[in-house]
Amino acid sequence: MKELLTRSLSGFLFVSILLSAIFFHKYTFVTVFLIFGIICIQELQRLIHFKNYWLYLIFISLVALFVFLKIPVYVIGFLLALTIITELLLIRDLLTIRIIPMFEKKKYLVSIFYLITAMFFLIMLPSYRGSYEPEIIAGAFLLIWTNDTFAYLTGKNFGKHKLLERISPKKTIEGFIGGFIFSLIAGYIISLYTPSLSLYTWIIISIIVSIFGTLGDLIQSKFKRQAGVKDSGSLMPGHGGLFDRLDSVIFASPFLYLFLYIIHHIS
């Protein structure tokens, strides 16, 4: 009972800070997620047995450039391409090999293009059209939470077939399908209250969030399994580290940004 109460209070505080920062102002959102990013970098470095202060400087510099200067389109495109390629390679490693090579080599580059630039695109996401649209990033989080909640509930009650047992024994195919379906339903509901994006767009966002959010969670689970730890940190009592709570949306954010950018320029 005490553990459930601690977990609930911790989760409520996290969600309150996150949503308040998103809806209050663009700069509160950027500031809070800059802090979140720094904490996630620290937790990832601890997870992969790596210590490099340049990673913090790179992340802070990228966010500062976004806030104070207009970053050229070709620079954004270059960073986006490298981020997506890195994440696709991590998906390949997740599915095909026992140990992700990040623990043996390329820790610096993969840390940048797995976490730092992905977090950067998460921060850029609500401003992909130039103006700040908080409902986009809030909607993405609501979809992630819906997917995770119903994947857990469906898997717990109906799960029989393991999704990727060697990485995450509790995840099931039935759970993934349940989370996917309820994400689509949530996307439909969100579209009713956010006229700036069409129903079609929210449905695609729901699909991206469900698939790549799940993959991001599995990749981080594999890192934790390789490191021999249960959580990436202990910042959030009952939940683990901040990176444990943000891994899904961080991993999905470059794919979301790419999709929204393409839709914006096509339309």
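Residues numbered from 1 in each chain as written. Predicted model: local features only at pLDDT ≥ 70, side-chain atom pairs only at ≥ 80, totals over all residues. Heavy atoms only, no water.

*Asks:* Explain the overall build of the chain to me, using residue names and the numbers behind them.
*Replies:* The helix and strand tally for the chain stands at 9 helices and 2 strands. The helix and strand sequence of the chain, counted from the amino end, reads α-α-α-α-α-α-β-β-α-α-α. Taking 2.2 N^0.38 as the reference for a compact globule, 267 residues should give roughly 18 Å; the C-alpha atoms of the chain span a radius of gyration of 18 Å, in line with that estimate. The C-alpha extent of the chain, read off along each of the three principal axes, is 45 × 45 × 40 Å. A burial count over the chain gives 51% of its 267 residues as buried. Taking the contacts inside the chain whose residues are at least 6 apart along the sequence as the reference set, 75% of them involve residues at least 24 apart. (Helix = DSSP H or I, 4+ residues; strand = E, 2+ residues; numbered from the N terminus. Rg over C-alpha atoms; globule rule 2.2 N^0.38 Å. Buried < 20%, exposed > 50% of the residue type's maximum accessible area, 1.4 Å probe, protein only. Contact = heavy atoms within 4.5 Å.)

*Asks:* Break down the layout of surface pockets for me, with residues and values.
*Replies:* Empty pockets left among the atoms are what a rolling probe the size of a water molecule brings to light. Looking at the second largest pocket, its volume works out to about 410 Å³. Surrounding the second largest pocket, 20 residues form its lining, Lys70, Ile76, Met124, Ser127 and Tyr257 being those nearest its centre. Those elements giving two or more residues to the lining of the second largest pocket turn out to be helix 3 (54-68), helix 4 (73-96) and helix 9 (242-266). Split by residue class, the lining of the second largest pocket holds 13 nonpolar, 4 polar and 3 charged. (1 Å grid on protein atoms, 1.4 Å probe; cavity = no way out; pocket = protein on both sides within 12 Å on 5 of 7 lines; lining within 4 Å. Points joined across faces, edges and corners; volume = space filled by probe spheres on them. Nonpolar A, V, L, I, M, F, W, Y, C, P; charged D, E, K, R; others polar.)

*Asks:* Quick one: what's the story with the side chain of Gln45, residue by residue and with numbers?
*Replies:* Here Gln45 lies in helix 2 (residues 26-47). Residue Gln45 is classed as buried on the basis of its relative accessible area, which comes to 5%. Among the polar contacts listed, one links the side chain of Gln45 to the side chain of Tyr56, at a separation of 3.4 Å. Excluding residues that lie within four positions of it along the chain, Gln45 makes contacts with Phe50, Lys51, Asn52, Leu55 and Tyr56. (Polar contact = N/O pair within 3.5 Å; in protein donor to acceptor, adjacent residues only side chain to side chain.)

*Asks:* Can you lay out the nonpolar core for me, pointing to particular residues and giving the numbers?
*Replies:* In terms of nonpolar packing, the biggest core is built from 79 residues, with Ile22, Phe33, Phe36, Tyr114, Ile205, Leu246 and Ile250 touching the most fellow members. Per-element tally for this core: the top contributor is helix 5 (residues 107-124), with 13 residues. The residues touching Ile250, leaving out its near neighbours within four places in the chain, are Cys40, Glu87, Leu115, Ala118, Met119, Leu122 and Phe243. (Core = buried A, V, L, I, M, F, W, Y, C linked by side-chain atoms within 4.5 Å.)

*Asks:* Outline the packing of helix 6 (residues 134-158) against helix 8 (residues 199-227), listing residues and values.
*Replies:* Running from N to C, helix 6 and helix 8 cross one another at 55°; their axes reach a closest spacing of 9 Å. Regarding the angle of helix 6 to helix 8, the classification is oblique. For the crossing formed where helix 6 meets helix 8, the hand is right-handed. On the side of helix 6, the interface is formed by Glu135, Ile136, Gly139, Ala140, Leu143, Ile144 and Asn147, while helix 8 contributes Trp202, Ile205, Ser206, Val209, Ser210, Gly213 and Thr214. (Axes fitted to C-alpha atoms, helices over the stretch in contact; angles between N-to-C directions. Parallel < 35°, antiparallel > 145°, perpendicular 65-115°, else oblique. Left-handed = near helix turned anticlockwise from the far one by under 90°.)

*Asks:* Got a sec to walk through the packing of aromatic side chains? Specific residues and values, please.
*Replies:* If you walk through the whole model with that rule in mind, you get 18 aromatic pairs. Ring centres of Phe29 and Phe33 lie 4.7 Å apart, and the angle between their planes is 45°; on these two criteria the pair is classed as tilted. You can see Phe29 and its partner Phe33 sitting in helix 2, 4 residues apart, about one turn around the helix. By the burial criterion, Phe29 is buried, and Phe33 matches it. Members of the aromatic cluster, each reached through a chain of ring pairs, are Phe14, Phe29, Phe33, Phe36, Tyr132, Phe141 and Trp145. (Phe/Tyr/Trp six-rings, centres within 6.5 Å; stacked < 30°, edge-to-face > 60°.)

*Asks:* Residues and numbers for helix 3, please.
*Replies:* Across its 15 residues, helix 3 extends 21 Å between first and last C-alpha, which sits within 8% of the 21 Å expected from 1.5 Å per residue. Of all the positions in helix 3, only Leu55, Tyr56, Phe59, Leu62, Val63, Phe66 and Val67 are classed as buried. Looking down the long axis of helix 3, one finds its buried residues gathered within 135° of arc, a one-sided arrangement. In this structure, helix 3 carries Trp54 and Phe68 as exposed residues pointing more than 90 degrees from its buried face. Each element contacted by the buried residues of helix 3 is listed here: helix 2, helix 4 and helix 5. (Expected span 1.5 Å × (residues − 1). Arc of directions from axis to C-beta.)

*Asks:* Account for the side chain of Ser253, naming residues and giving values.
*Replies:* Its place among the elements puts Ser253 in helix 9. Since its relative accessible area comes to 0%, Ser253 is described here as buried. Excluding anything up to four places from it in sequence, Ser253 contacts Ala118, Phe121, Leu122 and Leu125.

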